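Examination of the molecular architecture
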Amino acid sequence: MTTTAQTPRTMIPAPQRPVPARPTAREEDDGHRRHGHRNGNRDWSELIAAVRESGQYPTTAEAERVTRIVLSALGGHVTGDERVALTRALPREAARVIASQIPATRPQSAQEFVDTVATRIEGATHATARWDVSSVLGVLPNLIGDDLTDRILSQLPPGYALLFGRAELASRTS
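Quick caveat, the model's predicted, so the values are computed rather than measured. (Residues numbered from 1 in each chain as written. Predicted model: local features only at pLDDT ≥ 70, side-chain atom pairs only at ≥ 80, totals over all residues. Heavy atoms only, no water.)

The next subject is the environment of Arg 88. Relative to the assigned elements, Arg 88 resides in helix 4 (residues 80–89). Judged by its relative accessible area of 60%, Arg 88 is exposed. (Helix = DSSP H or I, 4+ residues; strand = E, 2+ residues; numbered from the N terminus. Buried < 20%, exposed > 50% of the residue type's maximum accessible area, 1.4 Å probe, protein only.)

Here you go:
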């Protein structure tokens, strides 16, 4: 019987490709904020803090209650691509409030919108409801950007620009 000795094989390792490092949670969060993405509850608390400051509400709970009421009223009046873009631009909780609303059967004037909000807030008058609506809608342009704000305002009847803190809808030619 003949035995053949096996020669050892030399293994050449495959070239190593650098594995991209996953960003840390903080780096990821910073990147999302820079690129306009939301990060759930943290951004919700930032939204509520902005509304609280804007409306000079004594408590966070009151600012949150008003924010939910105003966003739920708005949710029925923003439709189509603008509604989708709005829910993507807002914190998750705010997006849920908007998205859970059934679209309105007819557009409301800005005054009717404020009056509708007044009926949802115990003890509210037209003046206090207008304050509440402006306190919430006035902080949205900083969150969602001017382009989306313009698109939403072009979808709503005249008068809403004031509620969003604008004198009029400006056409942008950039």
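There's plenty left to go through after this.
Scanning the entire structure with this criterion turns up 1 aromatic pair. When the ring of Phe 113 is compared with that of Tyr 160, the centres are 5.5 Å apart and the planes differ by 55°; the resulting orientation is tilted. Separated by 47 residues along the polypeptide, Phe 113 in helix 6 (residues 110–120) and Tyr 160 in helix 10 (residues 160–163) bring together distant segments of the chain. Residue Phe 113 shares its accessibility class with Tyr 160, and that shared class is buried. (Phe/Tyr/Trp six-rings, centres within 6.5 Å; stacked < 30°, edge-to-face > 60°.)

Moving on, we get to helix 3 (residues 60–75). The end-to-end C-alpha separation of helix 3 is 22 Å, in line with the 22 Å expected for 16 residues at 1.5 Å each. Buried within helix 3 are the following residues: Ala 63, Val 66, Thr 67, Ile 69, Val 70, Leu 71, Ser 72, Ala 73, Leu 74 and Gly 75. (Expected span 1.5 Å × (residues − 1).)

This part covers the pattern of salt bridges. Under the defined criterion, the tally for this structure stands at 7 salt bridges. Salt bridges linked by common partners bring Glu 64, Arg 68, Glu 93 and Arg 96 together as one network. (Salt bridge = Lys/Arg side-chain N within 4 Å of Asp/Glu carboxyl O.)

To continue, consider the packing of helix 4 against helix 5 (residues 92–99). Packing of helix 4 against helix 5 leaves a shortest axis separation of 7 Å and a crossing angle of 155°. Taken together, the axes of helix 4 and helix 5 are roughly antiparallel relative to one another. Between helix 4 and helix 5, the residues in contact are Arg 83, Leu 86 and Thr 87 and Ala 95, Ile 98 and Ala 99, respectively. Its residues assigned to classes, the contact of helix 4 with helix 5 shows 4 nonpolar, 1 polar and 1 charged. (Axes fitted to C-alpha atoms, helices over the stretch in contact; angles between N-to-C directions. Parallel < 35°, antiparallel > 145°, perpendicular 65-115°, else oblique. Contact = heavy atoms within 4.5 Å. Nonpolar A, V, L, I, M, F, W, Y, C, P; charged D, E, K, R; others polar.)

What follows deals with the confidence of the model for the protein chain. Confidence in the prediction of the protein chain, expressed as mean pLDDT, is 83, and 72% of residues score 70 or more. The model gives residues 13–39 a pLDDT under 50, and that stretch makes 14 contacts with residues more than four places away or in other chains. (pLDDT = per-residue confidence, 0-100.)

This next bit is on unusual backbone geometry. Not every positive phi belongs to a glycine, and Gln 56 is a case in point at roughly 55°. The residue Gln 56 is located in the loop between helix 2 (40–55) and helix 3 in this model. Owing to a relative accessible area of 63%, Gln 56 belongs among the exposed residues under this scheme.

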